[in-house]
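Chain by chain, the residues:
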Amino acid sequence: MNGFSNGFSPKLTRRHFGALLAGSAFTLAAPAILRADSGPRLVVIGGGFGGASAARFARISYPDVNVTLIEPYDSFVTCPYGNLILGGKRALPQITHSYDGLRARGVDVVQNRARDIDPVAKRVTLADDTRIAYDKLIVSPGIALRRDAIEGYDEAASEIFPHAWMGGDGSQISILRRQLEALPEGGVVGLAIPPNPFRCPPGPYERISMIAHHLKQHNPRAKILAFDAKDGFSKQGLFQDGWAELYGDMIEWIPASQDGTITAVDPQERVFISEFGERHKVDVGNVIPPQYAAAIARDTGLADDSGWVPVDPLTFAAEAAPDIHVIGDANIGSPMPKSGYVANSTSKQAVAAAIADLRGEAAPADPVYFNTCYSHLGDDYAVSVAAIFRKDGEGGIMATPDSGGLSPRGPLSELAYNRRREAEYADAWYDSITTDMFS
Ligand SMILES: Cc1cc2nc3c(=O)[nH]c(=O)nc-3n(C[C@H](O)[C@H](O)[C@H](O)COP(=O)(O)OP(=O)(O)OC[C@H]3O[C@@H](n4cnc5c(N)ncnc54)[C@H](O)[C@@H]3O)c2cc1C
């Protein structure tokens, strides 16, 4: 007896199924894989911040649950600390994590891509047509790039103008690093930065900082042009103070109201084209397009017209399919940012809610979700934004008043100790969260 009801009744209705089934490429003839002899089957799609955290937490907290993790790559390259590769402060192996720790905990890691979900039969179909049955499904596939939002930015273009906004096999961040190393003396680095909502609100600005950190040492006459589709950004005052202090006039930030929105690129000519038709020649171009949830969340009808997945903030059950819990960047988690920390923090509530539902119990009633986003601006120099999120009493989530906050602003001469400590906290955060995902 494992304490779970075998006859739990799914809450999904026919009406809910309709949208999902309409787009389903479910193949009846494909062989099903039955991995679990007994005990509930928790299947997780995506072995990143949300998925790896969920799989590990489930194995530790619910030993009688069979956990299967589906992930196409054989190891995980984190986006957090990817910018430090550009700054010469980290190397790719230092941000690459194996799934062996999860295997050692008994997670069945299936190296494959999920291509369809059948919410009625409760099965995931993989790219090779094998099928995996689940009782509860956690989906944390991250983002996809809206390539159609930037004319000319196809797959081939991202070899010339890398986005480096998804870990993948690490090749995108490596291309960008090599391009920076080869930048002509006094050359121009252009960044195209997307509108909200997107993965990691402070990420582009940490990237600008780390590129500047590299250039200051190796190419001090180079310029950075940061074209932004917004008029403001996360930790703006802190970043702009730090840029002025550390990098002088190397960085020019061009907001949307000054024609900063890049709508097309010509990679062969190495040109960014703005909303109002201005052509900007760059030597190195980092194009971060607008985003939406990864394909598996959109193609199966879990996402709404916004391209992101509406969920219950207490359980992370998808509105379209209550046995499918969608966590991480793919869901609509506002006001929580799309961050690795939020993906990790919410993964535990999603797993607890999923298992409680299988047991016929209520989800933990008063979840607390955490976020701290650290950003490195230079050597021994980091800043952060932190918040704690809880239920708001109306079925949503709110930032807890008087919790969290921003690093203080002020001259480096007064805040050097604080900035150095935050850089140390950032390193400790990275080590502890990746331990909480992969060990
Ligand atoms: C430059 C940069 C810096 C960042 N820095 C920070 C930071 O300092 N702190 C922070 O908290 N966050 C940071 N982030 C944000 C963080 O990376 C994301 O918020 C986090 O990765 C989201 O987790 P996720 O599980 O939703 O997606 P991911 O971590 O991207 O994981 C998704 C996984 O799903 C897999 N997948 C996709 N489709 C399928 C499929 N069909 N079948 C199976 N698997 C699939 C992918 O291969 C991937 O491994 C940063 C992001 C960037 C780009």
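Residues numbered from 1 in each chain as written. Predicted model: local features only at pLDDT ≥ 70, side-chain atom pairs only at ≥ 80, totals over all residues. Heavy atoms only, no water.

Caption draft 1: Structural detail: the packing of aromatic side chains. Under the counting rule described, the total for this entry stands at 15 aromatic pairs. On the numbers, 5.8 Å between centres and 70° between planes, the contact of Tyr99 with Phe438 is edge-to-face. Remark: Phe438 occurs in helix 11 (residues 412-438) and Tyr99 occurs in the loop between strand 5 (96-98) and helix 4 (100-104); sequence separation between them is 339 residues. For the residue pair Tyr99 and Phe438, the accessibility class agrees, reading buried in each case. Centroid distance Phe227 to Phe272: 6.0 Å. Interplanar angle 65°. Geometry classified as edge-to-face. In this pair, Phe227 is assigned in strand 13 (residues 223-228) and Phe272 in strand 16 (residues 271-274), connecting sequence segments 45 residues apart. A relative accessible area of 1% places Phe227 in the buried class. Using a relative accessible area of 0% as the deciding quantity, one classes Phe272 as buried. (Phe/Tyr/Trp six-rings, centres within 6.5 Å; stacked < 30°, edge-to-face > 60°. Helix = DSSP H or I, 4+ residues; strand = E, 2+ residues; numbered from the N terminus. Buried < 20%, exposed > 50% of the residue type's maximum accessible area, 1.4 Å probe, protein only.)

Caption draft 2: The pattern of salt bridges, seen in detail. Enumeration over the complete set of coordinates arrives at 20 salt bridges. As a salt-bridge pair, Arg147 and Glu155 come within 3.9 Å of each other at their nearest N and O atoms. Ionic pairing is found between Glu185 and Arg221, a salt bridge with its closest N-O pair at 3.6 Å. A residue pair is termed long-range when its members are at least 10 positions apart, and Glu185 in the loop between helix 6 (171-181) and strand 12 (188-193) and Arg221 in the loop between helix 7 (203-218) and strand 13 qualify at 36 residues. For the pair formed by Glu185 and Arg221, the shared burial category is exposed. One connected set of salt bridges, linked through shared partners, spans Lys122, Lys136, Asp323 and Asp357. (Salt bridge = Lys/Arg side-chain N within 4 Å of Asp/Glu carboxyl O.)

Caption draft 3: Inspection of the site of the ligand at higher detail. Near the ligand there are 33 residues, and of these Gly50, Glu71, Ser140, Arg199 and Asp329 occur at the shortest range. The separation between a nitrogen atom of the ligand and a polar main-chain atom of Ala114 is 2.9 Å. Take Asp329: an N or O atom from its side chain is 2.8 Å from an oxygen atom of the ligand. In isolation the ligand has 1000 Å² of accessible area, and contact with the protein removes 94% of it. Within the residue set of the shell around the ligand, elements represented by two or more residues are helix 2 (49-61) and helix 10 (340-358). Here the element with the most residues in the shell around the ligand is helix 10; it accounts for three residues. A per-class count over the shell around the ligand returns 17 nonpolar, ten polar and six charged. Each of domain 1 (14-72 + 112-142 + 294-366) and domain 2 (145-292 + 372-438) accounts for three or more of the residues forming the shell around the ligand. (Near = heavy atom within 4 Å. Polar contact = N/O pair within 3.5 Å; in protein donor to acceptor, adjacent residues only side chain to side chain. Areas by Shrake-Rupley, 256 points an atom, 1.4 Å probe, with all protein chains shown as cover. Nonpolar A, V, L, I, M, F, W, Y, C, P; charged D, E, K, R; others polar. Domains from an automatic or database assignment.)

Caption draft 4: Geometry of the environment of Gly48. Inspection of the secondary structure puts Gly48 in the loop between strand 2 (41-45) and helix 2. Each residue touching Gly48, except ones within four places of it in the same chain, is listed here: Ser53, Glu71, Phe76 and Met437. (Contact = heavy atoms within 4.5 Å.)

Caption draft 5: Structural view of the sheet that holds strand 20 (residues 317-318). Taken in spatial order, the six strands of this open sheet run 6-3-2-10-21-20, and their pairing is mixed. Of all strands in the sheet, those with a lone pairing partner are strand 6 (108-110) and strand 20, marking the two edges. Here three bridges tie strand 3 (residues 66-70) to strand 6, and the two strands are oriented parallel to one another. Within strand 6, the position partnered with Thr68 by the bridge is Asp108. Packing of helix 2 onto the sheet brings it into contact with strand 2, strand 3 and strand 10 (136-139), and relative to strand 3 it is tilted by some 165°. Strand contacts of helix 10: strand 2, strand 10 and strand 21 (321-326), with the helix running at about 165° to strand 10, the strand carrying the most contacts. (Pairing = 2+ DSSP bridges. Axes fitted to C-alpha atoms, helices over the stretch in contact; angles between N-to-C directions.)

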